[in-house]
Protein chains: 2
Amino acid sequence: MEGIKTTAQKLFMSVSDKSFEGKIVMLSGWVRTNRDNGSIGFIELNDGSCFKNIQLVYTSSNDFIKLLSSVRTGACLSVSGEVVYTPQGKQPLEIKIKEAKLEGDILDDYPLQKKKHTFEFLRDIAHLRPRANTFNALFRVRNVLTMAIHHFFQDHDFMYVHTPIITTNDGEGAGNVFDVVTHDQKDENAFYGRKVNLTVTGQLHVEPFALAFRNVYTFGPVFRAEHSNTVRHASEFWMIEPEMAFTDLDGNMDVIEQCVKYCIKTLFDKCPDEMEFFNTMIDKTLIERLKHVYNSDFQRMTYTRAIEILTKAVEDGHKFENCDIKWGMDLLSEHERYITEQVVKGPVFLIDYPKEIKAFYMKENDDGKTVAACDLLVPAVGELVGGSQREERYDVLANKMEKMGIKDELDWYLDTRRYGGCVHSGFGIGFDRLLMYVTGMQNIRDVQPYPRTSNTIKY
Amino acid sequence: MEGIKTTAQKLFMSVSDKSFEGKIVMLSGWVRTNRDNGSIGFIELNDGSCFKNIQLVYTSSNDFIKLLSSVRTGACLSVSGEVVYTPQGKQPLEIKIKEAKLEGDILDDYPLQKKKHTFEFLRDIAHLRPRANTFNALFRVRNVLTMAIHHFFQDHDFMYVHTPIITTNDGEGAGNVFDVVTHDQKDENAFYGRKVNLTVTGQLHVEPFALAFRNVYTFGPVFRAEHSNTVRHASEFWMIEPEMAFTDLDGNMDVIEQCVKYCIKTLFDKCPDEMEFFNTMIDKTLIERLKHVYNSDFQRMTYTRAIEILTKAVEDGHKFENCDIKWGMDLLSEHERYITEQVVKGPVFLIDYPKEIKAFYMKENDDGKTVAACDLLVPAVGELVGGSQREERYDVLANKMEKMGIKDELDWYLDTRRYGGCVHSGFGIGFDRLLMYVTGMQNIRDVQPYPRTSNTIKY
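Residues numbered from 1 in each chain as written. Chains lettered and ligands numbered in written order. Predicted model: local features only at pLDDT ≥ 70, side-chain atom pairs only at ≥ 80, totals over all residues. Heavy atoms only, no water.

### As for the overall build of chain A
Assigned secondary structure in chain A consists of 13 helices and 17 strands. The dimensions of chain A, computed from C-alpha atoms along their principal axes, are 85 × 60 × 40 Å. Pairs at least 24 apart in sequence give 66% of the contacts found in chain A among residues at least 6 apart. Approximately 17,800 Å² of chain A is accessible, and the part contributed by carbon and sulfur atoms is 48%. Placing the 55 positive and 66 negative side-chain charges of chain A at their respective mean positions leaves the two points 5 Å apart. (Helix = DSSP H or I, 4+ residues; strand = E, 2+ residues; numbered from the N terminus. Contact = heavy atoms within 4.5 Å. Areas by Shrake-Rupley, 256 points an atom, 1.4 Å probe, with all protein chains shown as cover. Lys, Arg positive; Asp, Glu negative; His and termini not counted. Charge placed at Lys NZ, Arg CZ, Asp CG, Glu CD.)

### A closer look at the nonpolar core
Within soluble globular proteins, side chains that are nonpolar generally end up buried alongside one another. Ranked by internal contacts, the top residues of the largest apolar core, which has 216 residues, are Phe153 of chain A together with Phe153 of chain B. Once residues within four sequence positions are removed from consideration, Phe153 of chain B is found in contact with Phe158, Tyr217, Ile240, Pro242, Val255, Cys259 and Phe427 of chain B. (Core = buried A, V, L, I, M, F, W, Y, C linked by side-chain atoms within 4.5 Å. Buried < 20%, exposed > 50% of the residue type's maximum accessible area, 1.4 Å probe, protein only.)

### Points about the relation of the copies chain A and chain B
In screw terms, the move from chain A to chain B is a rotation of 180° and a rise of 0.0 Å along the axis, fitting with an RMSD of 0.0 Å. Taken together, these values place the two copies in the relation of a two-fold axis. Relative to the rotation axis, the C-alpha of Val180 of chain A is the closest in chain A, positioned 2.5 Å from it. (Least-squares fit on C-alpha atoms with pLDDT ≥ 70 in both.)

### Description of the interface of chain A and chain B
Facing 105 residues of chain A, the contacting portion of chain B comprises 104 residues. If you look at where chain A meets chain B, you find 2 salt bridges. The partner of Asp47 of chain B in a salt bridge is Arg214 of chain A, with the nearest N and O atoms 3.5 Å apart. Our count for the contact surface shared by chain A and chain B stands at 45 residue pairs in polar contact (both at pLDDT 80 or more). (Salt bridge = Lys/Arg side-chain N within 4 Å of Asp/Glu carboxyl O. Polar contact = N/O pair within 3.5 Å; in protein donor to acceptor, adjacent residues only side chain to side chain.)

### Considering the confidence of the model for chain A
Mean pLDDT for chain A: 95, with 97% of residues reaching 70 or above. Interface scoring of the predicted complex returns ipTM 0.96; its pTM is 0.97. (pLDDT = per-residue confidence, 0-100.)

### Observations regarding the environment of Ile287 of chain B
All names here are of chain B. Inspection of the secondary structure assignment puts Ile287 in helix α8 (residues 286–295). Sequence-wise, Ile287 and Phe268 are 19 residues apart; in three dimensions their C-alpha atoms are separated by 8.8 Å. If near-sequence neighbours (up to four positions away) are discounted, Ile287 is found in contact with Phe268, Met275, Glu276 and Asn279.

### Quick word on the pairing of strand β11 (residues 215–223) of chain A
Residue and element names in this part refer to chain A. Most of β11 is tucked away: 9 of the 9 residues are buried. In this structure, strand β7 (residues 159–160) lies alongside β11, joined through 2 bridges in parallel fashion. By the bridge assignment for β11, Met159 is matched with Val216. (Pairing = 2+ DSSP bridges.)

### Things to note about the packing of aromatic side chains
One pass over the structure, following the stated rule, counts 58 aromatic pairs over all chains. Arranged with centres 5.2 Å apart and planes meeting at 65°, the rings of Tyr450 of chain B and Tyr459 of chain B form a pair that is edge-to-face. Each member of the aromatic cluster is reached from another via a ring pair, and the members are Phe119, Phe135, Phe139, Tyr450 and Tyr459 of chain A together with Phe209, Phe213, Phe360, Tyr361, Trp412 and Tyr413 of chain B. Over the ring of Phe12 of chain B we find Lys52 of chain B; its NZ or CZ atom is 4.7 Å from the centre of that ring. A cation over a ring is seen here: Lys369 of chain B above Trp327 of chain B, with NZ or CZ 5.1 Å from the ring centre. (Phe/Tyr/Trp six-rings, centres within 6.5 Å; stacked < 30°, edge-to-face > 60°. Lys NZ or Arg CZ within 6 Å of the ring centre and 35° of its normal.)

### A closer look at the side chain of Asp47 of chain A
Residues and elements named next belong to chain A. The topology assignment puts Asp47 in the loop between β3 (40–46) and β4 (54–59). Judged by its relative accessible area of 0%, Asp47 falls in the buried class. Within polar-contact distance, the side chain of Asp47 engages the backbone nitrogen of Ala8 at 2.8 Å.

### Topic: the state of the cysteines
Per the stated rule, a full pass over the model turns up 0 disulfides over all chains. Looking at the unpaired Cys422 of chain A, the closest cysteine sulfur is the one in Cys76 of chain B, lying at 4.3 Å. Its sulfur unpaired, Cys374 of chain B is 12 Å from the next cysteine sulfur, which belongs to Cys259 of chain B. (Disulfide = S-S within 2.5 Å.)

### Details of the sheet that holds strand β12 (residues 236–245) of chain A
All names here are of chain A. Pairing in this open sheet of 8 strands is mixed, and the strands run β7-β11-β12-β17-β16-β15-β14-β13 from one edge to the other. What marks the edges here is a single partner per strand, and that holds for β7 and β13 (299–302). Sheet topology note: the β11/β12 ladder contains 9 bridges and is antiparallel. Paired with Asn215 across the two strands is Met244, which belongs to β12.

### A closer look at the sheet that holds strand β17 (residues 424–430) of chain B
All names here are of chain B. Taken together, the 8 strands give an open sheet; going across it, the order is β7-β11-β12-β17-β16-β15-β14-β13, and neighbouring strands pair in mixed fashion. One side of each edge strand has no neighbouring strand; the edge strands of this open sheet are β7 (159–160) and β13 (299–302). Against the sheet, helix α6 (residues 249–270) engages β12 (236–245), β13, β14 (348–354), β15 (370–378), β16 (382–389) and β17, with an angle of about 15° to β15. (Axes fitted to C-alpha atoms, helices over the stretch in contact; angles between N-to-C directions.)

### Things to note about the packing of helix α4 (residues 133–155) of chain A against helix α4 (residues 133–155) of chain B
The contact between α4 of chain A and α4 of chain B brings their axes to 12 Å, and the two run at 140°. As far as their axial angle goes, α4 of chain B and α4 of chain A are oblique. Every pair of crossing elements has a handedness; the one defined by α4 of chain A and α4 of chain B is left-handed. Taken together, the residues of α4 of chain B that come into contact with α4 of chain A (itself represented by Asn143, Met147, His150, His151 and Gln154 of chain A) are Asn143, Met147, His150, His151 and Gln154 of chain B. Partitioned by chemical class, the residues of the contact of α4 of chain A with α4 of chain B number 2 nonpolar, 8 polar and no charged. (Parallel < 35°, antiparallel > 145°, perpendicular 65-115°, else oblique. Left-handed = near helix turned anticlockwise from the far one by under 90°. Nonpolar A, V, L, I, M, F, W, Y, C, P; charged D, E, K, R; others polar.)

### Section: helix α10 (residues 333–343) of chain A
Residue and element names in this part refer to chain A. The complete set of buried residues in α10 reads His335, Glu336, Tyr338, Ile339 and Thr340. In this fold, the buried residues of α10 make contact with β13, α9 (303–315), β14 (348–354), β15 (370–378) and β16 (382–389). Where α10 terminates, the next one or two residues include Lys345, which has phi positive at roughly 55°.

### Details of the pattern of salt bridges
When charged atoms on two side chains of opposite charge get close, those side chains can pair. Summed over the entire model, instances satisfying the criterion amount to 56 salt bridges over all chains. One salt bridge connects Asp432 of chain A with Arg142 of chain A, and the closest N-O pair in it is separated by 2.7 Å. Of this pair, Asp432 of chain A sits in helix α13 (residues 431–439) while Arg142 of chain A sits in helix α4, and the two are 290 residues apart along the sequence. As a salt-bridge pair, Asp446 of chain B and Arg129 of chain B come within 3.3 Å of each other at their nearest N and O atoms. Here Arg129 of chain B lies in the loop between α3 (119–123) and α4 and Asp446 of chain B lies in the segment after α13 (431–439), a separation of 317 residues in the sequence.

### Examining the pairing of β3 of chain A
Residues and elements named next belong to chain A. Within β3, 6 of the 7 residues are buried, which leaves the element mostly enclosed by the surrounding structure. Hairpin connection, strand β2 (residues 24–36) to β3: the antiparallel pair is bridged by 3 residues, and Gly38 has positive phi, about 95°. Across 6 bridges, the pairing between β3 and β4 is antiparallel. Bridge assignment links Gly41 to a residue of β4, and that residue is Tyr58.

### Brief notes about the packing of α6 of chain B against α8 of chain B
Residues and elements named next belong to chain B. Two elements in contact, α6 and α8, have axes whose closest approach is 9 Å; the angle formed by their N-to-C orientations is 135°. In terms of orientation, α6 and α8 fall into the oblique class. α6 and α8 meet at a crossing whose hand is left-handed. Residues Val260, Lys261, Ile264, Lys265 and Phe268 of α6 form the contact with α8, whose own contacting residues are Ile287, Leu290, Lys291, Val293 and Tyr294. Class assignment for the residues of the contact of α6 with α8 results in 7 nonpolar, no polar and 3 charged.

As structure tokens, this is what we get:
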């Protein structure tokens, strides 16, 4: 087979300068549809290089007509043919097939036939669903969003740190961790000399790096052995956890705001086709919603003020599932969404939460009741990012950890407050939830390559 | 404290245009040394923004002389002062301190005193060693190398895929996997309905994505529950596993060669200070060795030819630990190094290995005896990268898997050969070993933030 080896992406990019006009090219990809009208036939080929399919055309006089007219959805096909730009057509260009070769046929029971499939059905064939439009778009966006995160932090001089997956830190003994044991013997202490589990957060491990490299971040898998069978919980997911020395709560929120906006802008710039697809097929408010966030100044409101507002709303007759609003409570998603959607009508940081409902490492405010935490709430979702200034005072932190019974076990962590400590802050973004947010996908099982939720594992 | 907030990195970058000349700046960082000569004192401060320390100067008449003359190695210090460029000096600039503030003192038992420490000692304080010069340099290079990998593949239109950590695939039942169980009950099937373990490779999970997105790669943690207590084995490490549709063994080797060269070039471009440090302090042949690889055309040699050469070497009196060279054997490091160091005198791919010593998914060659595998050997190390063309023929692969008793369990993987399969290839690079190779570090425990090897876990 002769012709210039190329890809659909390169051909679509050539539409402006028509640099392939009349040239013979070679393409390989997977057949999405094949419509043979008798005298003329059209194959939509996706070659994996971009979201869009490329149109191949053949006539009944083609030397390879037997192969072309019978090639089925899902089959892998190579062709050579002439590039024809069709600026008036639905497609900006097409390839007039000269030669064709079947790289790989499909068995008759190919599960991804042309018809529309439910996400539930596709979940069960996670290894094949990347070939379905939604997942083709989704995993492209996942890739671009991953790199947007890296670029944002690298461009701001943050250093990436690979914090460990296997750890002795069990996330304050919450009990929702996976234990790691060796295959041959179930003695949990056998391999590492003590009980170990899968990490629930990289934060404690990355903080010491912030006290050497100033700005650092982790970005890797974390685990929760929760049986929560919800659309937002997975037992394995990726977390982004930046940590910044010499940065207080305000500086922390500045970085969160910049980071979220950078991610949104990057997707608009780099994935216009995919974002348009999600806006059309998944969530018709998606692009408007993201643009609104991008164009907003993120507001800041204390938890105490939010409680006042929610109390007033209940008095005025607003019906929450939980109407028992009182200072000290953990806000539910309905409360968070009321604040961001009804009150602020845009992104808002809630700050200064009661210390009892937040993590031990957060900096206690001078009021003695609250900590310098910040949760970013956004319309349509609620909480998207959580962060805090860290308690840098050794005595305050050590006392708290002593009371919780975690001081001995995390003594190494306290070293960051013993030896050259400083004001520092950080935050965490659940990457998979961020991806749900920017695509409008409603189930975390549909944004992970091989979703890991309780009671469903096949691969 | 007044002055322009800046970092050492920005100040060093201003040396060419002297844009901070005479300006008052503010810096925060950690004291590396403090030499007080009575009338004049010098503090070497590292603020985490770059590898180099910045020099702070104070005189006995300074308002903060008490603090400055007593501040100790490891303490966290903020200063404001005037920038003075000193092109004739050992340092290109210094800061004449005006004001100072102790951000965080150290306890007397600070383990990282100014003297030289052994790597073994530092391993035991993994959370503090980033402040030691070697590890300051090392983790910077780790970050840059990570991003070099991402940039190389992204620039070549590869899509990053997060393959799962928890999986049912136990790497062909080799038995060296970590099992994952829930905390509350030790029934191994409780959470996911079947036995699961930590992944040993992402390859099987990423191949289906190559058959949708053409060029893909994974880059994440993998695990081996081996008790091998060697300097090159860790039980948790990061692997890079690219997979390319429509690519044969030759194309695979082309990409490996480009990738290795790109990584080396990126480190020379982006980490000149760090690479110079490693060349001076760790391995005096490092830069020469890497430059030689960068400038070499990687050779290609069959395994069979290598066996002939090794046989001849033994006949000629060369003493290997294992002199019993025969076709079908697994080459040891000494054999690999002989080929790359003594024979080729540069990087070389060994190809077409006996099928019995290679993985089941590798493409069988027409000779019926060998598979289309390639191992990249480099001087001073031996094997650096391993890859292969994959067996795309359903029947051949299914038969092999049937014989191995893994056909049922990996039936989903066979779908990639049932439905629109094609010629494809891929490879794997152990990231931590690559980092050892490019820094000259000799122990894998010294290139990981929190090393995970058997019987040593603290954090």
